[in-house]
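One-letter residues, chain by chain:
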Protein chains: 2
Amino acid sequence: IPLNRASRCSCIKISHQPVNPKSIKKLEVIPKSTSCPSLEVIATMKNNGEKICLDPETEMIKNILKAFNKKRSKRSQTPREA
Amino acid sequence: IPLNRASRCSCIKISHQPVNPKSIKKLEVIPKSTSCPSLEVIATMKNNGEKICLDPETEMIKNILKAFNKKRSKRSQTPREA
């Protein structure tokens, strides 16, 4: 449950439930800063846009990132030009 | 340089310049989807809020995440309760 940035940290509660990487629309990683002493990881879910704070300590984050890479198809690496 | 989501992908150009993890305010990881066939990694910079698209293929992302973890101080892992 992320809060407004004005209130120190974005996360007030961290979910320890496993999250299916396929259900994640976007993953935000916010390094610790003067406004928040913890590294924060926020997953935005595909189905309802719900934001869930994940525990950066767990292997889950690594697994999610790994799954993201796996899901990527073999394609040209050429970026679209502006 | 991320674009509006309406235009297929967020990134139209990917920076291959090394980025200092300490200069990053937020890192967004967007898995490939029906609207964009590529995994996208967008770094928001601390100084000017500029958004830079990074190449998810490189080790840089891993190094950034590693640096984020290193920067985290030894602190209580107890999340703030809502």
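Details of the structure are given in the entry above.
Because the structure is a prediction, the values reported are computed rather than measured.

Here we come to the state of the cysteines. All names here are of chain A. Following the criterion strictly, the structure yields four disulfides over all chains and no others. Linked covalently through their sulfurs, Cys11 and Cys53 form a disulfide whose S-S length is 2.0 Å. Here the disulfide of Cys11 and Cys53 is left-handed, its torsion about the S-S bond being about -85 degrees. Linking Cys11 in the segment before β1 (24-30) with Cys53 in strand β3 (residues 51-54), this pair joins segments that are 42 residues apart in sequence.

Here we take up the side chain of Asp55 of chain B. All names here are of chain B. Along the chain, Asp55 falls in the loop between β3 (51-54) and α1 (60-71). There is a polar contact of 2.9 Å between the side chain of Asp55 and the backbone nitrogen of Glu57. Filtering out sequence-adjacent residues up to four positions away, Asp55 remains in contact with Ile14, Ser15, His16 and Ile61.

Once that is clear, we can look at the pattern of salt bridges. Applying the stated criterion to the full structure yields four salt bridges over all chains. The residue Lys26 of chain A makes a salt bridge to Glu28 of chain B at a minimum N-O spacing of 3.0 Å. Placement of the pair is Lys26 of chain A in strand β1 and Glu28 of chain B in strand β1 (residues 24-30), with the two residues belonging to separate chains. Among the residues examined, Lys26 of chain A registers a relative accessible area of 22% and is labelled partly exposed. Within this structure, Lys26 of chain A together with Glu28 and Lys51 of chain B form a network of salt bridges that share partners.

Its volume calculated, the largest pocket comes out at about 590 Å³. Lining the largest pocket are 24 residues, with Lys62 and Leu65 of chain A together with Ile61, Lys62 and Leu65 of chain B sitting closest to its centre. Elements represented by at least two residues in the lining of the largest pocket include exactly α1 (60-71) of chain A together with α1 of chain B. Classifying every residue of the lining of the largest pocket by side-chain character gives 12 nonpolar, four polar and eight charged.

With that settled, consider the environment of Thr34 of chain A. Residue and element names in this part refer to chain A. Along the chain, Thr34 turns up in the loop between β1 and β2 (40-45). Exposure remark for Thr34: the relative accessible area of 89% places this residue in the exposed category. In sequence terms Thr34 and Cys9 are 25 residues apart; their C-alpha atoms lie 9.9 Å from each other.

Take the pairing of β3 of chain B next. Residue and element names in this part refer to chain B. Summarising the sheet, strand β2 (residues 40-45) and β3 pair through four bridges and their orientation is antiparallel. Its bridge partner lying in β3, Val41 is registered against Leu54. Linking two consecutive strands that pair antiparallel, namely β2 and β3, is a turn of five residues; a positive phi of about 70 degrees is found at Gly49 within it.

So, on to the pairing of β1 of chain B. Along any regular strand, the residues point their side chains to alternate faces of the sheet. Among the seven residues in β1 of chain B, five count as buried, and that is most of the element. The pairing of β1 of chain A with β1 of chain B spans three bridges and is antiparallel. When the bridges of β1 of chain B are listed, Glu28 of chain A appears paired with Glu28 of chain B. In this sheet, β2 of chain B lies alongside β1 of chain B in antiparallel orientation, the contact comprising six bridges. Within β2 of chain B, the residue paired with Ile30 of chain B across the bridge is Glu40 of chain B.

The six strands are arranged β3(A)-β2(A)-β1(A)-β1(B)-β2(B)-β3(B) in an open sheet whose pairing can be described as antiparallel. The sheet is open, and its two borders are formed by β3 of chain A together with β3 of chain B, each paired with just one other strand. Going from strand to strand, the sheet's axes swing by 25 degrees on average, the running direction of each strand aside.

Scoring rules and cut-offs
Residues numbered from 1 in each chain as written. Chains lettered and ligands numbered in written order. Predicted model: local features only at pLDDT ≥ 70, side-chain atom pairs only at ≥ 80, totals over all residues. Heavy atoms only, no water. Disulfide = S-S within 2.5 Å. Helix = DSSP H or I, 4+ residues; strand = E, 2+ residues; numbered from the N terminus. Polar contact = N/O pair within 3.5 Å; in protein donor to acceptor, adjacent residues only side chain to side chain. Contact = heavy atoms within 4.5 Å. Salt bridge = Lys/Arg side-chain N within 4 Å of Asp/Glu carboxyl O. Buried < 20%, exposed > 50% of the residue type's maximum accessible area, 1.4 Å probe, protein only. 1 Å grid on protein atoms, 1.4 Å probe; cavity = no way out; pocket = protein on both sides within 12 Å on 5 of 7 lines; lining within 4 Å. Points joined across faces, edges and corners; volume = space filled by probe spheres on them. Nonpolar A, V, L, I, M, F, W, Y, C, P; charged D, E, K, R; others polar. Pairing = 2+ DSSP bridges. Axes fitted to C-alpha atoms, helices over the stretch in contact; angles between N-to-C directions.

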